[in-house]
Amino acid sequence: MSASSEGPSQIGRPLPRREDRRLLTGAGRFLDDIDIPRALHATFLRSPHAHARILAIDSAAAAAMPGVVTVVTGQDVAQWTTTLKMAPPIEGLMPTEMTTLPIDKVRFQGDLVACVVATDRYLAEDAAERIEVEYEPLGVVADTGAALADGAPLVDESVPGNRLSHQTFSIGDVAARRSEAHAIVEASFSQHRQTHMPIETRGCAAVWDEGREHLTFHVGNQAPHPLRTQLARRLSLSESQVTVVCPDVGGAFGQKIALYREELTVAALARQLKRPVRWREDRMENLQAACHARQAQCRTRASVAADGRILGLELQITEDFGAYCFFPGNYIARVIALILSGPYRITDYAYDIKVALTNKCGVGPMRAPMAITSWVMDGTLDAIARQLGLDPLAVRRANILQPADFPHKMATGEALEDVTPSETLEAVVAAIDYEDFRRRQAEARAAGRYLGLGLCSVVESTTYGSAFYKAAGIPGSGHEAAWVRIEPSGAVNASVGLMGSGQGYETSLAQAVAEGLGVDAGKVRVALGNTDVAPYGMGSRGARGATAGGGALYLCGRKAQDHVLRIAAHMLSLNNAEGLRLAEGRVQRRLSDEWVDTPIGLADVARLAYLDPQALPEGVAPGLDFSLAYDPPPMTYSNSAHACEVELDPETGRIAILRYVVAEDCGAVLNPIVVRGQQQGAIAMGLSGALLEHVFYDEAGQNLSSTLADYLVATACELPNFEILPMHTPNKRTPMGLKGMAEGGVMGAIGALTNAVNDALAPFGVVADRQPLAAPYIRGLLRSRITRATTASDGPVG
Amino acid sequence: MNERTAIVLSVNGVDHELTVPPRRLLSDALRDDLGLTGTHVGCEHGVCGACTVLIDDRPARSCLTFAIQMEGHAVTTIEAVARDGVLSPLQQAMHEEHGLQCGFCTPGIIMTFEAYLRDNPDPGEEDIRDVLSGNLCRCTGYQNIVAAVKKAAAAMRESRA
């Protein structure tokens, strides 16, 4: 065989996923599919009150129920576990601390009160209903307005005024820009509370080996090693005494990162009872009490020139963080503020971020924690267009960064390079035929139909290097670790610290190893999710899988190839490995312009390395075992432009999505099938969230959306097909030019949809500045306009 | 509530003698008593569709069905769809079209459409989306599932022709 190709041969191939077969035949192995002999079942009693003191708990009747092994409360679990302190040294952020289960008071409806362990789940739930709790209800703060009011009840007595975090920033002179501006444009963006809703709820199974004093903890988690660190620390065990094992994971989206209180309780109980204990939450618990996300109010004030150019921009964020901090309270909102300007040229910029505690479920990152960013930025551009009577596209073109502007430093100091915002914008505008749409829109309006088109450009922060964490003051790192082992037969095993929950890692990461090593991707097995097997890595979050994880595996594969070729050169009696490569497992030699097979392959080298080490070159150790850690640049960015066409039914307020086009430049890709699936899934999650999903609390802090009949997630009937225009400008600083992606779709969808709805609403003179864009809300906007118009006697509108 | 009743549960053509409490869900009996863990439980209130099985060849929610109701009925689960290790046309098309990501909702979707495509060999996109709306998928955005169902329908029509 000979070949002359020099480009990538394994990455970029549309390989069908190798994990599919087991999942398609019912042979996947999710947490509840693991058979654990003698396992007991835990269930939790939860608070019916949003905020109440626990005066007394009587569990005698529950403990006497059939099958019940034990009932424990916060006091019990506090003896076996340490508290969670969240106190990074970040200016403006209050430290917090929580016990594993609440002891004195509950802070939200669904908060934990007690845990029942029984021989089966039905019996455990029976018993939980028999626990008598005496509560003294306390005043409730159910939103940030109530939480930040003077004299508000305190969610956490150690956080004065419920003010968890307050950070400000200013560069340039926004006041001066205001004074010299042609116009000041103010806009408001209210994002509602949502939740991840993985189809597989949370759960875990803890097996304590009393003889070895070792805990094996089965749990679907995105970051197994950081979870192990937490679990060991809080059980006062060494990290050698805990193994975290992740089975197949039925979706995560950020919900499966933190060590939750239920999980820690179950682990502690397995150790105390010396019996395996397992827990599976039901859907109501998942919707009420797992983890919520996204609830933030943003306001912008733009100082603009007559042509719509932004001279100065000010941002205020007020975020509702819920009752407990599983993550530093400032970090989500700070990323929004950090990357707000994204694809636009903004020099004078200031922000003010307040984060408040409320009597609601704690929040955490959800696929694109910074999802609101692009809506706020492109929504501000639309507000400028409305106020100045300009075309929204013209305002974008006046502000967007051009190819000659790169590398670019955002006002916040974030470095942008190898991104293509003007190219993606123009591609999407051409694909959706913006000019023709305006013609169709005018025709439709004349016929009493209301179409709208929304644009949204996205700069997605995908991969955070350790330098970012250091600068942000957040403990942790952005590096990732990998190993590659070539076994004596030439079989290739590899591992990395990520854990998948549907991203197709077993296929795409095998491609990264194969590219680096020079074998066929089908020959590489990637083992994930077992902390005794995988190297300590930072796990799957953000969109770091490809760049950090794939990058580490690729570089480790390269290191392995270099070593293999050094041995191969010796076997071929060559002085060095120059002019040799490994391709599809064959050692090839370059002869003029051709790569030509030599008689040896990887299996020959492996046999020698393990079974005949005396034949190795001098100084080369036996075996073929490689490991490597890779720390990505401080931040890596992908970019995209989204265009969404909707039709509004003014009678009902219903929004129908007619067309959706996205141009996305996510650099080199490991597997285009997987990338396309991630793009579709991310856009779907953004649209579903902006249109339907709503974790809704009443003013007493009662969650009114704790079934899937109330918490509405988009079905196949609400979502369109997505037209994707792929672009692949490589990043110069990352292995193979990878950038990562998978969250930008959420960011763009939220903005493009809302901008489209406002375009459709324009003839009525109303603006939707709140999500979800549910029919009753839109209908309410239209009615308020009609009422006002009638009162003012300026005739019918529309 | 916890007294047990003897029943015969016919699953994938095999009769199983079980003693179950009347409140035991079919989903739990399949998974925990028979070890057929391919049927997944996503909400236990009949919305998400992950637990869909066939009862007498019709799709049904096994989380809304008690095991004792199944006396005299035939239950089919995802484990019986591939024959002799060969994927069904729908399973094959789901693989080729990347119609699954985490795979948790997938068995329910396959059971829904194995039944549907038997009765509807040439469905249009709107029909497919309408039927699919009974199954929630949080990963894919549904587009590739719709494509897979179309592809499977075409493959099945061809093999019949």
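These numbers come from a predicted model, not from an experiment. (Residues numbered from 1 in each chain as written. Chains lettered and ligands numbered in written order. Predicted model: local features only at pLDDT ≥ 70, side-chain atom pairs only at ≥ 80, totals over all residues.)

Looking now at the overall build of chain B. When its secondary structure is counted, chain B shows five helices and five strands. Taken over the C-alpha trace, chain B has a radius of gyration of 16 Å; the compact-globule value for 161 residues is 15 Å, and the two agree within 12%. Taken over the C-alpha atoms alone, chain B extends approximately 50 × 35 × 25 Å along its principal axes. Expressed as a percentage of contacts within chain B between residues at least 6 apart in sequence, the contacts between residues at least 24 apart total 59%. (Helix = DSSP H or I, 4+ residues; strand = E, 2+ residues; numbered from the N terminus. Rg over C-alpha atoms; globule rule 2.2 N^0.38 Å. Contact = placed C-beta atoms within 7 Å.)

Secondary structure summary: chain A contains 21 helices and 33 strands in total. The C-alpha radius of gyration of chain A comes to 28 Å, within 12% of the 28 Å expected for a compact globule of 798 residues. The dimensions of chain A, computed from C-alpha atoms along their principal axes, are 95 × 75 × 50 Å. Considering chain A as a whole, with its 798 residues, one finds that 56% of them fall into the buried category. Taking contacts inside chain A between residues at least 6 apart in sequence as the whole, the part at least 24 apart equals 80%. (Buried ≥ 20, exposed ≤ 12 C-beta atoms within 10 Å, placed from the backbone.)

Both trends apply: most residues other than glycine have a negative phi, and most peptide bonds are in trans. Cis rather than trans, the peptide bond between phenylalanine 406 of chain A and proline 407 of chain A has omega equal to 0°. Locating proline 407 of chain A in the fold gives a position in the loop between helix 12 (392-399) and strand 21 (408-409). The step from glutamine 771 of chain A to proline 772 of chain A runs through a cis peptide bond, and the omega angle for that step is 5°. One can find proline 772 of chain A in the loop between helix 20 (744-761) and helix 21 (775-791). Positive phi, close to 50°, is recorded for glutamate 213 of chain A, a residue that is not glycine. By the secondary structure assignment, glutamate 213 of chain A is in the loop between strand 13 (203-209) and strand 14 (214-219). We note that aspartate 56 of chain B has phi near 50°; this positive angle belongs to a residue other than glycine.

Let us look at the interface of chain A and chain B. How big an interface is tends to be stated in terms of accessible area lost as the parts join. Between chain A and chain B, the contact holds 41 residues from the first and 44 residues from the second. Residue assignment for the side of chain A that touches chain B shows that the elements contributing at least two residues are helix 1 (20-24) and helix 19 (672-691) of chain A. The greatest single-element share of the side of chain A that touches chain B, amounting to six residues, is contributed by helix 19 of chain A. Considering only residue class, the side of chain A that touches chain B consists of 21 nonpolar, 13 polar and seven charged. (Nonpolar A, V, L, I, M, F, W, Y, C, P; charged D, E, K, R; others polar.)

Residue and element names in this part refer to chain B. Across the sheet, which stays open at both edges, the five strands sit in the order 2-1-5-3-4 with mixed pairing between neighbours. Each having just a single partner strand, strand 2 (14-20) and strand 4 (58-61) make up the two edges of the open sheet. Each neighbouring strand pair of the sheet contributes to a mean axis angle of 40°, computed without reference to strand direction. Two elements, strand 3 (residues 52-55) and strand 5 (residues 74-76), share two bridges in a ladder whose sense is antiparallel. By the bridge assignment for strand 5, isoleucine 55 is matched with valine 75. (Pairing = 2+ DSSP bridges. Axes fitted to C-alpha atoms, helices over the stretch in contact; angles between N-to-C directions.)

Here we come to the environment of arginine 541 of chain A. All names here are of chain A. Its place among the elements puts arginine 541 in the loop between strand 26 (524-527) and helix 17 (545-571). Note: C-alpha distance between arginine 541 and leucine 611 (70 residues apart in sequence) is 41 Å. Among residues more than four places away in sequence, those in contact with arginine 541 are Gln222, Ala223, Gly254, Ile257 and Pro365.

This part is about helix 9 (residues 283-290) of chain A. Residues and elements named next belong to chain A. Where burial is concerned, most of helix 9 is hidden: seven out of the eight residues are buried. Those residues of helix 9 not exposed but buried are Arg283, Glu285, Asn286, Leu287, Gln288, Ala289 and Ala290. On its buried face, helix 9 sits against strand 2 (40-46) and strand 12 (194-195).

Here the focus is the pairing of strand 3 (residues 52-58) of chain A. Residues and elements named next belong to chain A. Relative to strand 7 (residues 105-106), strand 3 runs antiparallel, the two being bridged by two bridges. Note that in strand 7 the partner of alanine 52 across the bridge is valine 106. Two elements, strand 3 and strand 9 (residues 132-137), share six bridges in a ladder whose sense is antiparallel. Counted as the bridge partner of alanine 56 is glutamate 134 from strand 9.

The subject of this paragraph is the sheet that holds strand 3 of chain A. Across the sheet, which stays open at both edges, the three strands sit in the order 7-3-9 (chain A) with antiparallel pairing between neighbours. The strands lining the two open edges of the sheet, one partner per strand, are strand 7 and strand 9 of chain A.

Time to look at the environment of leucine 381 of chain A. Residue and element names in this part refer to chain A. Looking at the secondary structure, you find leucine 381 in helix 11 (residues 372-388). What makes leucine 381 buried here is the crowd of 31 C-beta atoms within 10 Å. Counting along the chain gives 374 residues from leucine 381 to asparagine 755, while the straight-line C-alpha distance between them is 9.9 Å. Apart from residues lying up to four places away in sequence, leucine 381 is in contact with Pro392, Val395, Arg396 and Asn399.

Nonpolar side chains tend toward joint burial in soluble globular proteins. Residue and element names in this part refer to chain A. Core analysis: the biggest nonpolar cluster contains 304 residues, and Val116, Ala206, Val513 and Leu753 have the highest contact counts within it. Among the elements that make up this core, the one with the highest residue count is helix 17 (13 residues). With residues near it in sequence (within four places) discarded, leucine 753 still touches Gly454, Cys644, Leu687, Ala690, Leu691 and Leu773. (Core = buried A, V, L, I, M, F, W, Y, C linked by C-beta atoms within 7 Å.)

In this section: the confidence of the model for chain B. The share of residues in chain B with pLDDT of 70 or more is 99%, and the mean pLDDT across the chain is 97. For this predicted complex, the interface score ipTM comes out at 0.98, while the overall pTM is 0.97. (pLDDT = per-residue confidence, 0-100.)

This part is about the packing of helix 4 (residues 125-132) of chain B against helix 5 (residues 143-160) of chain B. Residues and elements named next belong to chain B. Contact geometry for helix 4 and helix 5: axes closest at 10 Å, N-to-C directions at 120°. In terms of their interaxial angle, helix 4 and helix 5 are classed as oblique. Viewed along their axes, helix 4 and helix 5 form a crossing whose handedness is right-handed. Contacts from Glu125, Ile128, Arg129 and Leu132 of helix 4 reach helix 5 at Ile145, Val146, Val149 and Lys150. Across the contact of helix 4 with helix 5, the residue classes break down as five nonpolar, no polar and three charged. (Parallel < 35°, antiparallel > 145°, perpendicular 65-115°, else oblique. Left-handed = near helix turned anticlockwise from the far one by under 90°.)

The subject of this paragraph is the packing of helix 3 (residues 106-119) of chain B against helix 5 of chain B. All names here are of chain B. Close contact between helix 3 and helix 5 brings their axes to 11 Å; oriented N to C, the two are set at 35°. Helix 5 is crossed by helix 3, and the crossing has right-handed handedness. Across from Ile109, Phe113 and Leu117 in helix 3, the residues of helix 5 making contact are Ile145, Val149, Ala152, Ala153 and Met156. In terms of residue class, the contact of helix 3 with helix 5 is built from eight nonpolar, no polar and no charged.

Turning next to the confidence of the model for chain A. Should the pLDDT be low somewhere, the predicted coordinates at that spot are not to be read in detail. Residues at a pLDDT of 70 or more form 98% of chain A, whose mean pLDDT is 96. Residue range residues 791-798 of chain A is modelled with pLDDT below 50. Its contacts to residues more than four positions away, or to other chains, number ten contacts.

Residues and elements named next belong to chain A. Structurally, the position occupied by aspartate 532 is in the loop between strand 26 and helix 17. According to the C-beta neighbour criterion, aspartate 532 is exposed, with 11 such atoms within 10 Å. Measuring from C-alpha to C-alpha, the distance between aspartate 532 and valine 244 comes to 7.8 Å, with 288 residues separating the pair along the chain.

Residues Pro392, Val395, Arg396 and Asn399 of chain A constitute the buried set of helix 12 of chain A. Angularly, the buried residues of helix 12 of chain A cover 100° about the axis, an arc narrow enough to put them on a single face. (Arc of directions from axis to C-beta.)

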